[in-house]
Amino acid sequence: MESREGLRSERFLTLYRKLEGLLEKRYDGKRMSSGSVVMEYLHDADSAPCRTDLDLCREIRNILSHNTDGEGEAVVEPSEAVVNTLEDIVAYVQRPRLALDYGTPGDKILFAHPNDEAIGVMRHMMRMGYSHVPVRDRTGLVGVFSAASLMRYVGDTGFDSLHDNLRIGELKNALDFDDERSEKYAFFDKSATLTAVREAFEKRRERNSRLAVAFITEDGEQHSQVLAMLTSWDVLRDDQ
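Just so we're clear, the structure is a prediction, and the values are computed from it rather than from any experiment.

How each quantity is defined
- Residues numbered from 1 in each chain as written.
- Predicted model: local features only at pLDDT ≥ 70, side-chain atom pairs only at ≥ 80, totals over all residues.
- Heavy atoms only, no water.
- Pairing = 2+ DSSP bridges.
- Helix = DSSP H or I, 4+ residues; strand = E, 2+ residues; numbered from the N terminus.
- Core = buried A, V, L, I, M, F, W, Y, C linked by side-chain atoms within 4.5 Å.
- Buried < 20%, exposed > 50% of the residue type's maximum accessible area, 1.4 Å probe, protein only.
- Contact = heavy atoms within 4.5 Å.
- 1 Å grid on protein atoms, 1.4 Å probe; cavity = no way out; pocket = protein on both sides within 12 Å on 5 of 7 lines; lining within 4 Å.
- Points joined across faces, edges and corners; volume = space filled by probe spheres on them.
- Nonpolar A, V, L, I, M, F, W, Y, C, P; charged D, E, K, R; others polar.

**Some remarks on the sheet that holds strand 1 (residues 104-105)**
Reading across from one edge, 1-6-5-4 is the order of the four strands in this open sheet, with mixed pairing throughout. If you trace the sheet from one side to the other, it starts and ends with strand 1 and strand 4 (184-189), each paired once. Relative to strand 5 (residues 211-217), strand 4 is paired through six bridges, and the arrangement is parallel. Across the sheet, Tyr185 pairs through a bridge with Val213, a residue of strand 5.

Below, the structure is given as structure tokens:
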């Protein structure tokens, strides 16, 4: 009869093969290196929550597969805790946390139109506690209105350009996503994970080039329908 330890080893190896299969599907045609698919995942932002445990499991798997004693028996046996950890990793890979689920849903976002009066949008922002309002026309998103964009507009045109009937569309250049002076925005497709979006915010913060908002669209393109909007507060909270 096979020992309890032997059964644990077999469970461990079966789980590891399942993990490799899941990752093969994940990286089908998208591999960045010629290494193992698990190593590929270890370098992926999405592996951050389980990276240390997965690396340990990878080492144990290599020992189990390639090292035996004089009688052909494995020189190590995974503990029940390690097998359970690998089960948790497989479950995580199967059901990653999508950024889409942590942002403000598209139907709850306050959008502005170029023809809206800026003062009205600002009053709504103050009342609701919003810092950024995406601006869209019939083609899709054309920019984001914020305190920073208003300051850029004043810096370009002077205070005399401000008036009660100022329309959002008049700030066009200050709203432009491509303006080097503007706050930074990023677009992700609907499959983007929370970890990947969080890493984008953290990297921007490290480079002193703050990412203000991340938008989730169907295909990650600017003019596609916005499915969700995330700020740093959504992705960098301690409870994530």
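**Quick look at the nonpolar core**
Counting 23 residues, the largest nonpolar core has Phe12, Leu19, Leu23, Val38 and Tyr41 as its most contacted members. Among the elements of the structure, helix 1 (4-26), helix 2 (37-42), helix 3 (51-66) and helix 4 (80-94) are those that each provide at least two residues to this core. With seven residues, helix 4 is the largest single contributor of residues to this core. For Leu23, the contacting residues outside a window of four places in its chain are Val37, Val38, Tyr41 and Val93.

**Here's the deal with the layout of surface pockets**
The calculated volume of the largest pocket comes to roughly 300 Å³. The wall of the largest pocket is formed by Arg26, Tyr27, Lys30, Asp44, Asp46, Pro96, Phe188, Asp189, Ser191, Ala192, Thr193 and Ala196. A per-class count over the lining of the largest pocket returns five nonpolar, two polar and five charged. Estimates place the volume of the second largest pocket at around 240 Å³.

Read these as geometric descriptors, not functional statements.
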